[in-house]
Amino acid sequence: MAKERRKAVLELLQRPANARCADCGAPDPDWASYTLGVFICLSCSGIHRNIPQVSKVKSVRLDAWEDAQVEFMTSRGNHVARATFESKVPPFYYRPSASDCQLLREQWIRAKYERQEFTHPERQEPYSAGYREGFLWKRGRDNGQFLSRKFVLTEREGALKYFNRSDAKEPKAIMKIEHLNATFQPAKIGHPHGLQVTYLKDNSTRNIFVYHEDGKEMVDWFNALRAARFHYLQVAFPGASDADLVPKLSRNYLQEGYMEKTGPKQTEGFRKRWFTMDDRRLMYFKDPLDAFARGEVFIGSRESGYTVLDGLPPSTQGHHWPHGITIVTPERRFLLACETESEQRAWMEVFRKVVDRPMLPQEYAVEAHFKHKP
């Protein structure tokens, strides 16, 4: 009898909606919440265990199942649960995937099932009101210390501002929503709730690093920034659909890590730098947590004269790391070296994808600015 019940649950996994985790989309979920009626992956099942008042989990293959539980799973499943718990997810709200950090996945699960934010839209006010203010720990640009700073996000002004003192009249920085990006970077920042906010200052990239002890607060800030970007883009591109705009709200970096580089004459020694590939901007920093990039390289498309070559010119000297990459732009060649072959392969794949992608009209304007940089 127990075998038959387990077999019945296993058969439910054949339904298309149950073939992926209900929360992060990972394939072949092996766990289930028998109080919510969803099939989930091992990683998400750990988060469900932390909200036992809402969700109780079992292994589909290893645990014993009761008749009533099998009947409930049969009547529910991921498709029905999604229609219930995700009925009013705002288009700008970030839906995490299996590769996203623990914080984003945990807060998505808590928002859905514990706080039921997507069945009660009035509970979405913290990130959908168009205005948000509060205190975040911000890393100091020069000393690396995290200090409490007041932040204000105002869609009406199209800006995120922060103040060095809570009673300060003038903000220390004004970050235009138009040029703003936010991405969670827990490992780099050294805090599980660490967020990197990037904006353009005089057309150069500026980073700030923040966190909040409360995970919900930090994810609410992230989604409030995405909401502000969404509403800005709706005005900027009135004919665009939600599906067109949502990928533009925030972006993770295509690749990050250390490489060696040499200067424009290619006679100087190679120096180790932290590189970040952000869309078509390849930036390099002395330290991963630097506020400003030491330099930026625009990488256009093949049609515009950009190519990426495996290895370095035969005469190259001064690099300690053996696995070379040459980026050819219409103006010059950039010589880079990776420590391991696998890192070189990963960078080459990213560069080739960027070069193979046709340039958008607005990207030509960015390229022109890079060409006229002193």
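- Identification of the chain as Arf-GAP with dual PH domain-containing protein 1 isoform X1 from Balaenoptera acutorostrata is taken from an unreviewed UniProt entry.

Here's the deal with the UniProt feature "domain: Arf-GAP" (unreviewed entry) in the chain
Part 1: Cross-referencing UniProt, the feature "domain: Arf-GAP" (unreviewed entry) maps to residues 7–126 in the present numbering.
Part 2: For the annotated span residues 7–126, helix accounts for 39% and strand for 8% of the residues, and the straight-line distance between the end C-alpha atoms is 44 Å.

Examining the packing of helix H5 (residues 102–114) against helix H8 (residues 215–236)
Part 1: At a minimum axis separation of 10 Å, H5 and H8 run at an interaxial angle of 95 degrees. In terms of orientation, H5 and H8 fall into the roughly perpendicular class. Touching Leu103, Leu104 and Gln107 of H5 are Gly215, Lys216, Met218, Val219 and Phe222, all from H8.
Part 2: Its residues placed into classes, the contact of H5 with H8 shows five nonpolar, two polar and one charged.

Comments concerning the sheet that holds strand S11 (residues 255–261)
Part 1: Within the open sheet, the seven strands sit side by side as S14-S13-S12-S11-S17-S16-S15. Their pairing is antiparallel. Two strands close off the open sheet at either side, each with one partner strand: strand S14 (295–298) and strand S15 (307–310). Across the sheet, the mean angle from the axis of one strand to that of its neighbour is 35 degrees, orientation sign disregarded.
Part 2: As defined by bridge partners, S11 adjoins strand S17 (residues 333–338) across two bridges and the pair is classed as antiparallel. Looking across to S17, one finds that Glu260 is bridged to Ala337.
Part 3: Of the strands in this sheet, S11, strand S12 (271–278), strand S13 (281–285), S15, strand S16 (323–328) and S17 are in contact with helix H10 (residues 341–356), which crosses S15 at around 160 degrees.

What counts, and at which threshold
Within each chain, residue numbers correspond to sequence positions counted from 1 in written order. Restriction of local features to residues with pLDDT of at least 70 applies here, the model being predicted, together with a cutoff of 80 or more for giving and counting side-chain atom pairs; totals for whole chains, interfaces and linings are based on all residues. Just so you know, side-chain values use all the structure's heavy atoms and leave hydrogens and water out. UniProt positions are given in the numbering used here, feature names are shortened, and annotations may be inferred rather than shown by experiment. Helix and strand definitions here come from DSSP, where helices need a minimum of 4 consecutive H or I residues and strands a minimum of 2 consecutive E residues; each element is numbered from the N-terminal end. The convention used is that axes are lines fitted to C-alpha atoms, helices contributing only their stretch in contact, and that angles between N-to-C directions extend from 0 to 180 degrees. Geometric relationships in this document are graded by angle, where less than 35 degrees denotes roughly parallel, more than 145 denotes roughly antiparallel, 65 to 115 denotes roughly perpendicular, and other angles denote oblique. The contact definition used throughout considers only heavy atoms, calling two residues in contact when any of these lie within 4.5 Å. Here the term charged refers only to Asp, Glu, Lys and Arg, the term nonpolar to Ala, Val, Leu, Ile, Met, Phe, Trp, Tyr, Cys and Pro, and the term polar to all other amino acids, Gly among them. Strand pairing is assigned whenever DSSP identifies at least 2 bridges connecting the two strands.

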